[in-house]
Amino acid sequence: MLLTGCGALDHGILNAQGPVAHNERHLLLVVSGILLFVWVPVVILVPLIAWHYRHSNAKDAYRPKWAFSWPLEGFIWIPPIGIVILLAFLLWPATQKDDPYTRLTGQGAPVRVQAIALDWKWVFIYPDQGIATVNQLAIPAGRPVAVELTSGTVMQSLLLPQLAGQIYAMAGMRTRLNFAADHPGRYLGENVQFNGGKFAHQKFPIVSMTPDAYATWVARARQGTKALDAATWARLSRRDTTGLETYSRVPRNFFNHVVTATGGASHPHSGQHPATRKAP
């Protein structure tokens, strides 16, 4: 019973499965090691000081007029200042390297994906393939993925803990996320910005496949009969959960129309099909 929660570590950054997550995990471990120079002395000295200055200790000198000590001041200020400077030198290049807007170098051109956050579901559009999915993100392993994000409702946040961290999605705006998966597998994706009663159900699998399996998946998706039309979008825009869905036809510039429609709409759940609005 004591070990039942240990499996949670398998789905987080400590079990990184992509280059961005690997960099983030390395930085987390390095920073945690540096901060031990603060944590360990505090944990050791606090009980020692409390024991030394306990009320019953009458053997040591009593110096009520003591006010200043250069060695003590140096011990208090020099190590923290050094730690802050060291962390700055570490964090600045890491921040630039793992900027979510920076495209990754890898095998082949990036796979373009456009993600739309709804209540309580995710819509993923593959503009180059002309297909879309709901509540599943399929990607080829070893190839960079470039994601554009927006929200068809309130602000939400996409988290891919084993692959790329967290990025927000906001109505009428675009954000970007670049990541890759090292190996084929199945990873967790979710919304971590509270957005209502069924917030906890807004999760989806990220399915990383071999290049051949991904090509087969795309070909199979194109052979479907469902289209992301006005009626479908109105249904998806309703505040409810839904299962995995795949659409073989998506209107051109659908994502751009969603950004335009939500940017000018006064009600986020109007259900108006974005293809009826003109893109800028």
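Placed above this text is the structure.
About the thresholds
Residues numbered from 1 in each chain as written. Predicted model: local features only at pLDDT ≥ 70, side-chain atom pairs only at ≥ 80, totals over all residues. Heavy atoms only, no water. Helix = DSSP H or I, 4+ residues; strand = E, 2+ residues; numbered from the N terminus. Rg over C-alpha atoms; globule rule 2.2 N^0.38 Å. Buried < 20%, exposed > 50% of the residue type's maximum accessible area, 1.4 Å probe, protein only. Contact = heavy atoms within 4.5 Å. Areas by Shrake-Rupley, 256 points an atom, 1.4 Å probe, with all protein chains shown as cover. Lys, Arg positive; Asp, Glu negative; His and termini not counted. Charge placed at Lys NZ, Arg CZ, Asp CG, Glu CD. 1 Å grid on protein atoms, 1.4 Å probe; cavity = no way out; pocket = protein on both sides within 12 Å on 5 of 7 lines; lining within 4 Å. Points joined across faces, edges and corners; volume = space filled by probe spheres on them. Nonpolar A, V, L, I, M, F, W, Y, C, P; charged D, E, K, R; others polar. Pairing = 2+ DSSP bridges. Axes fitted to C-alpha atoms, helices over the stretch in contact; angles between N-to-C directions. Phe/Tyr/Trp six-rings, centres within 6.5 Å; stacked < 30°, edge-to-face > 60°. Core = buried A, V, L, I, M, F, W, Y, C linked by side-chain atoms within 4.5 Å.

This part takes up the overall build of the protein. Across its full length, the protein holds five helices and 11 strands. The C-alpha atoms of the protein give a radius of gyration of 26 Å, which is well past the 19 Å a tight globule of 280 residues would have. Taking the principal axes of its C-alpha atoms as reference, the protein extends roughly 85 × 45 × 45 Å. Burial analysis of the protein (280 residues in total) assigns 38% to the buried set. If you take every contact in the protein between residues at least 6 apart in sequence, the share linking residues at least 24 apart comes to 68%. Accessible surface, the protein as shown: approximately 16,300 Å² in total, 63% of it carbon and sulfur. The distance from the centre of the 25 positive side-chain charges to the centre of the 15 negative ones in the protein is 5 Å.

Another aspect to go through is the layout of surface pockets. In this structure, the largest pocket encloses a volume near 350 Å³. Looking at the lining of the largest pocket residue by residue, the classes come out as five nonpolar, two polar and three charged. Considering only enclosed or pocket space, the second largest pocket measures out at about 280 Å³ in volume. Put simply, the parts of the chain that give the lining of the second largest pocket at least two residues each are α1 (19-52) and α2 (70-97). The element contributing the most residues to the lining of the second largest pocket is α1, with six residues.

A few words on the sheet that holds strand β5 (residues 145-151). Note on sheets: strands pair through backbone hydrogen bonds, and any given pair is parallel or antiparallel. Overall, mixed pairing links the six strands, which are arranged β8-β5-β1-β2-β3-β11 in an open sheet. The open sheet terminates on both sides in strands that have one partner only, identified here as β8 (175-179) and β11 (245-247). When the angles between neighbouring strand axes are averaged without regard to direction, this sheet yields 20°. Relative to strand β2 (residues 121-126), strand β1 (residues 111-118) is paired through five bridges, and the arrangement is antiparallel. Within β2, the position partnered with Ala115 by the bridge is Phe124. Helix-sheet contacts for helix α3 (residues 211-222) involve β1, β2, β3 (131-134) and β11, and the interaxial angle to β3 is about 95°.

We now examine the packing of aromatic side chains. Overall, the coordinates contain eight aromatic pairs when judged by the stated rule. Measuring from centroid to centroid gives 5.1 Å for Trp233 and Phe254, while their planes differ by 80°, and the two rings are edge-to-face. With Trp233 in helix α4 (residues 230-236) and Phe254 in helix α5 (residues 254-264), the pair connects residues that are 21 residues apart, well separated along the chain. Neither residue differs from the other here; Trp233 and Phe254 are each classed as buried.

Here we take up the nonpolar core. Residues Tyr126, Leu137, Leu149, Leu160, Leu177 and Phe179 are the most contacted members of the largest nonpolar core, which totals 32 residues. Contact partners of Phe179, with chain neighbours within four places excluded, come to Val20, Leu104, Leu137, Ile139, Arg143, Pro144, Val145, Val147, Leu160, Leu163 and Ala164. By size, the runner-up hydrophobic cluster in this structure holds 15 residues, among which are Ile125, Ala132, Val134 and Phe254.

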